[in-house]
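# Topology and contacts: notes
Okay, here's what each chain looks like letter by letter:
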Amino acid sequence: MRTSTRVAGVLTGLTLTLGATALTAPASHADIPACTNMAAQAGVSATDAVSAACHRGVSGDLQGCVSGLTAAGVPGGAATGACRLAAHEPR
């Protein structure tokens, strides 16, 4: 096998491997700090209950997130906004 063919094959394999890793890696779309900060702006300290609720928002359970934040004392509108932030990509 010629060296140029071997190098091309290795580079192709490396590119495919890295591309597949990037596509299958868990997406970094969680924004828990933004969620907890919004809860703090609403007057609720960032407790374990707030963090757990924000984690539910990250996993796509918007209703569970809102319920958890509301139970922790975050007003409804702020809870909904915080959970929507949790589900979005950090900026």
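Presented here is a report on the structure given in the accompanying data block. Along each chain, the written sequence defines residue order, and numbers are assigned to residues from 1. Residues qualify for local features only when their pLDDT is at least 70, as the model is predicted, and side-chain atom pairs are given and counted only at 80 or more; totals for whole chains, interfaces and linings, by contrast, use all residues. Computation of side-chain values: all heavy atoms of the structure, hydrogens and water removed.

What follows is about the overall build of the protein chain. Elements are defined by DSSP. Helices are runs of H or I of four residues or more, strands are runs of E of two residues or more, and each kind is numbered from the N terminus. Broken down by element type, the protein chain carries 5 helices and 0 strands. In the protein chain, the order of α-helices and β-strands from amino to carboxyl end is α-α-α-α-α. Exposure categories follow from relative accessible area, calculated using a 1.4 Å probe and restricted to protein chains: below 20% of the type maximum is buried, above 50% is exposed, and the middle band is partly exposed. Burial analysis of the protein chain (91 residues in total) assigns 24% to the buried set. A fraction of 57% describes how many contacts in the protein chain between residues 6 or more apart in sequence connect residues 24 or more apart. Carbon and sulfur atoms form 62% of the exposed surface of the protein chain, whose accessible area is close to 5,800 Å². Contacts were defined at the residue level, with two residues in contact if any of their heavy atoms lie within 4.5 Å. To be clear on the numbers: accessible area is Shrake-Rupley with a 1.4 Å probe, and residue cover counts the displayed protein chains and nothing else.

Before going further, it helps to examine the packing of helix α4 (residues 62-71) against helix α5 (residues 76-86). Where helices are involved, their axes are fitted lines through C-alpha atoms of the stretch in contact, as for all axes, and angles between N-to-C directions lie from 0 to 180°. In contact at an axis separation of 9 Å, α4 and α5 are set at 135° when each is read in the N-to-C sense. Accordingly, the angle class assigned to the pair α4 and α5 is oblique. Taken as a pair, α4 and α5 cross one another with a handedness that is right-handed. Contact residues: α4 offers Leu62, Cys65, Val66, Leu69 and Thr70, while α5 offers Ala79, Thr80, Ala82, Cys83 and Arg84. Each residue is assigned to one class: nonpolar for Ala, Val, Leu, Ile, Met, Phe, Trp, Tyr, Cys and Pro, charged for Asp, Glu, Lys and Arg, and polar for all the others, Gly among them. Counted by class, the contact of α4 with α5 contains 7 nonpolar, 2 polar and 1 charged residues. An angle below 35 degrees is treated as roughly parallel, one above 145 as roughly antiparallel, one from 65 to 115 as roughly perpendicular, and anything else as oblique. Whether a crossing is left-handed or right-handed is set by the direction in which the near helix is turned from the far one by less than a right angle, anticlockwise for left-handed and clockwise for right-handed.

Take α4 next. Of the residues making up α4, those classed as buried are Gly64, Cys65, Val66, Gly68 and Leu69. Where α4 is buried, its residues meet α2 (32-41), α3 (48-58) and α5. A positive phi of about 105° marks Gly73, the residue just after α4.

The term disulfide is used for any two cysteine sulfur atoms that are within 2.5 Å. Summed over the entire model, instances satisfying the criterion amount to 2 disulfides. Paired through a disulfide, Cys35 and Cys54 show a sulfur-sulfur distance of 2.0 Å. Because the torsion about its S-S bond is -80°, the bridge between Cys35 and Cys54 counts as left-handed. Residue Cys35 is found in helix α2, and its partner Cys54 is found in helix α3; the two are separated by 19 residues along the sequence. Of the two residues, Cys35 and Cys54, neither departs from the other in class, the shared state being buried. The side chain of Cys65 participates in a disulfide bridge whose partner is Cys83; the two sulfur atoms lie 1.9 Å from each other. Between Cys65 and Cys83 the sulfur-sulfur dihedral comes to about -90°; the bridge is accordingly left-handed. Of the two residues, Cys65 is situated in helix α4 and Cys83 in helix α5; the sequence distance between them amounts to 18 residues. Cys83 carries the same exposure label as Cys65, and that label is buried. Each bonded cysteine of the protein chain is numbered by sequence order, and under that numbering the disulfide pairs are 1-2, 3-4.

By themselves, these observations are geometric and do not establish any function.
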